[in-house]
Structures are given as C-alpha cells and as structure tokens.
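Chain and residue survey
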Amino acid sequence: MTPERRLAIAIEIAQEAGERIKQARQNADFKQSYKYGSELVTEVDVAIDEYIASALEEAFPGEARLTEELSPDRDMLNQEGPLWIVDPIDGTVNFAHGQHHVAVSIAWAENGKTRLGVVHAPFLDETFTALRGEGANMNGQPITASKAKRLEEALVGTGFPYDRDARLPLLRRLQLILEHCRDIRRNGAAALDLCAVACGRLDAYYESTSPWDFAAGLLIAREAGAKAGHIYRCPDGIPPELYGENLLVSAPDLHAEIKQLIERADSGQLH
Ligand code: IPD
Ligand code: CA
Ligand code: CA
C-alpha cells in the first residue's frame, strides 16, 4: 500500500474518531476516573481508543499498535517493523472541562522512523497531516513553521506532567522563558502544540511527553520546517524520533538559544 493511501485511511479514522468525541461531549455524561494515581481518564478516551484500534486492525491487519489506553507498552518502540502510535484524546483535561484544544493523534512508524502523522482537532475543524519527506498540511493546504529570529518575539508553548511533584522544577524554566521571550502558552494538548509550531502559531514548544502525545505532531512540525531535537542527549537503544524526554521544537534560528536557556534554568542559573 502506498504511504499516501495509508495516510488517507488514517485521516478518515481520525476524523470519524473526532465525530465520536464531539457526540460524546454533547451527551456530557461520561464517567471520569484516575489512572496511575493522578492522570485523568474518561470512558470516552477508552471508547475512542477501542474504535481506532478496531478500525486500524481492519485496514492494516496484524500491524502493531502502541495506544495510550489499550496498549501503552513502550517496549514496542524498539521492535522492528511497522508500528501505529495513537493518542485517542490528546487534551483529556480540556475535553473534560469543555475546552476546545482536543485532538486525535495517529502516527505510523517503521523501524523507529515516523513515516506519517495525522492530528485532528474536532472542535476546531483542523486536520494536520504529514508524510515523511513530503511537507506538512492543515486541511489540505501546505503549512510552514515560524522563521522568528529573536527570543523577544517568540511565543513559546509548553505543558506540565500530571504528577504535581514533577511540576515544581519546571517553574525555573518558566521563569527564564518569561524573562526572555514574548510569552508562554499552556494550551493542554501536546499534539496540537506541535502543530501550532508547524503552522507558525507558536515559535517554540518544549516538554517531556509520551510517544502517543508527540509522534504525529513531531513529524508534522519537522516537515513544516521546524527544528526538532532534545535538550539533553537521548539514551542509546531508543529511536530518537520516538523519545519524548525534554523535546524542544522551534523556529530553526531559535533552537540553540532556547536550549541554552532551558539548560541554564535546569542548572539553577537564573540570572
Ligand atoms: C497530555 C496533554 C498535555 C501535556 C501532558 C499530556 P492527555 O495528554 O498532551 O498537553 O502537557 O503531558 O499527558 O493526557 O491529555 O492525553
Ligand atoms: Ca496525550
Ligand atoms: Ca490521551
């Protein structure tokens, strides 16, 4: 099957999932609970994961799937062969609070390299897509990342983990970013933050997230011309494209400076 055909099927599945997400919110009586102690999950997250898993299985029988709710086994990242990486609802807290930054994220990787990505935002009517080596689109139109050159002009997105203890050290980063850049945004859906970098709405984004949060959006941002990398060296044995600790994705000319700023913040040099 051609990559174009694969992408077309992934888009159809993501958009159908989006319709189901919108319907579920209209009904507004979904149950909410917590996983791993602090992570909010609704029954809609699970139902959408089930729908996407069965649709992918029907279209691509036997291909492995790493999905946030049903099969979050990260060991899959090191396996050879094809791998679907799915976040059924990115922005669960937004979804539960009636906010609009919510997305379905579907990526397809082969031997550790992401080949295609779809991020569909059902409440915003925006579908971001990319095929490796072919550029990135929003609703079928090409998009390009910001070409900002000065930190003072940079609008920077980030996010915070569910674990409250892990949030505190990140305040130092906020302090330096707020001191040197235009402002910060915390929109609540990592996949959409990456797409915002891809279409120039954000000049940079940094966070530590899980593969399902960023796999599709990272490809979309890179294909749109953003510079993607990690603040610290990636460990051996994990494909760097699927490693989500300390990601930094930005306008190319801002990358080195923001990386330095974050390194300074992490080492406590706040002045
Ligand atoms: C979360 C969102 C959020 C990010 C968190 C993710 P979820 O995903 O992407 O923006 O800051 O790190 O866990 O739980 O809504 O799928
Ligand atoms: Ca997510
Ligand atoms: Ca999710």
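The notes below deal with the structure included here. (Residues numbered from 1 in each chain as written. Chains lettered and ligands numbered in written order. Predicted model: local features only at pLDDT ≥ 70, side-chain atom pairs only at ≥ 80, totals over all residues. Heavy atoms only, no water.)

Here 7 strands make up an open sheet; going across it, the order is β3-β4-β5-β6-β7-β8-β9 and the pairing mixed. The open sheet terminates on both sides in strands that have one partner only, identified here as β3 (64-67) and β9 (141-142). Sheet analysis places strand β5 (residues 103-110) next to strand β6 (residues 113-121), joined by 7 bridges and oriented antiparallel. For W108, the partnering residue across the bridge sits in β6 and is L116. Relative to the sheet, helix α5 (residues 190-198) contacts β4 (82-90), β5, β6 and β7 (126-131), its axis offset from that of β6 by approximately 100 degrees. Packing of helix α6 (residues 211-223) onto the sheet brings it into contact with β3, β4, β5, β6, β7 and β8 (136-138), and relative to β6 it is tilted by some 100 degrees. (Pairing = 2+ DSSP bridges. Helix = DSSP H or I, 4+ residues; strand = E, 2+ residues; numbered from the N terminus. Contact = heavy atoms within 4.5 Å. Axes fitted to C-alpha atoms, helices over the stretch in contact; angles between N-to-C directions.)

A separate point is the coordination of the calcium ion (ligand 3). Around the calcium ion (ligand 3), the protein contributes the donor atoms E68 (OE), D87 (OD) and I89 (O), at 2.2 to 2.3 Å from the metal centre. In this structure the calcium ion (ligand 2) is found 3.6 Å away from the calcium ion (ligand 3), and D87 serves as a bridging donor for the pair. Of this pair, E68 sits in the loop between β3 and β4 while I89 is found in strand β4, placing the two residues 21 residues apart along the sequence. Grouping residues by exposure puts E68 and I89 together as buried. (Donors = N, O, S within 2.8 Å, 3.2 Å for Na, K, Ca; no water. Buried < 20%, exposed > 50% of the residue type's maximum accessible area, 1.4 Å probe, protein only.)

For T144, the location among the structural elements is in the loop between β9 and β10 (155-158). It is 8.3 Å that separates the C-alpha atoms of T144 and A221, two residues lying 77 residues apart in sequence. Each residue touching T144, except ones within four places of it in the same chain, is listed here: A198, C199, G200 and A224.

What follows deals with the site of ligand 1. Surveying the vicinity of ligand 1 reveals 16 residues, the closest of which are D90, G91, T92, Y162 and E207. Within the side chain of D90, a nitrogen or oxygen atom sits 2.6 Å from an oxygen atom of ligand 1. Within the contact set of ligand 1, an oxygen atom lies 3.0 Å away from a side-chain nitrogen or oxygen of R186. Protein contact buries 92% of the 380 Å² of open area that ligand 1 shows by itself. (Near = heavy atom within 4 Å. Polar contact = N/O pair within 3.5 Å; in protein donor to acceptor, adjacent residues only side chain to side chain. Areas by Shrake-Rupley, 256 points an atom, 1.4 Å probe, with all protein chains shown as cover.)

Enumeration over the complete set of coordinates arrives at 18 salt bridges. In this structure, the salt-bridge partner of E16 is R20, at a minimum N-O distance of 2.8 Å. Pair noted here: E16 and R20 are both in helix α1 (residues 3-27), with a separation of 4 residues, about one helical turn. For E16, a relative accessible area of 31% puts it in the partly exposed group. Taking relative accessible area as the criterion, R20 reaches 36% and is therefore assigned partly exposed. Between E241 and R222 there is a salt bridge whose closest N-O contact spans 4.0 Å. (Salt bridge = Lys/Arg side-chain N within 4 Å of Asp/Glu carboxyl O.)

Within a pair of aromatic rings, the relevant descriptors are the distance that separates the centres and the angle that separates the planes. Evaluation of the coordinates by the stated rule reveals 3 aromatic pairs. Measuring from centroid to centroid gives 4.8 Å for F30 and F95, while their planes differ by 25 degrees, and the two rings are stacked. Separated by 65 residues along the polypeptide, F30 in the loop between α1 and β1 (32-35) and F95 in helix α3 (residues 92-96) bring together distant segments of the chain. Relative to W84, the ring of F60 has its centre 4.7 Å away and its plane inclined at 35 degrees; by these criteria the two rings are tilted. With F60 in the loop between α2 (43-59) and β3 and W84 in strand β4, this residue pair connects regions lying 24 residues apart in the sequence. Per residue, the accessibility class of F60 equals that of W84, and both read buried. The side chain of R6 reaches across the aromatic face of W108, ending 3.9 Å from its centre. In this structure, R25 packs its charged tip against the face of F123, placed 3.8 Å from the ring centre. (Phe/Tyr/Trp six-rings, centres within 6.5 Å; stacked < 30°, edge-to-face > 60°. Lys NZ or Arg CZ within 6 Å of the ring centre and 35° of its normal.)

So, about the sheet that holds β10. The strand order β11-β10-β12-β14-β13 describes an open sheet built from 5 strands, whose pairing is mixed. In this open sheet, the two strands that pair with only one neighbour each are β11 (183-185) and β13 (227-230). Between one strand axis and the next, the sheet turns by 20 degrees as a mean value, whatever way the strands run. Alignment of β10 against strand β12 (residues 204-207), held across 3 bridges, turns out to be parallel. Looking at the pairing, V156 lines up with A204 of β12.

The next subject is the side chain of D87. Relative to the helices and strands, D87 resides in strand β4. Buried and unpaired, D87 has no salt bridge, with K35 as the nearest side chain of opposite charge at 7.3 Å. (Lys, Arg positive; Asp, Glu negative; His and termini not counted.)

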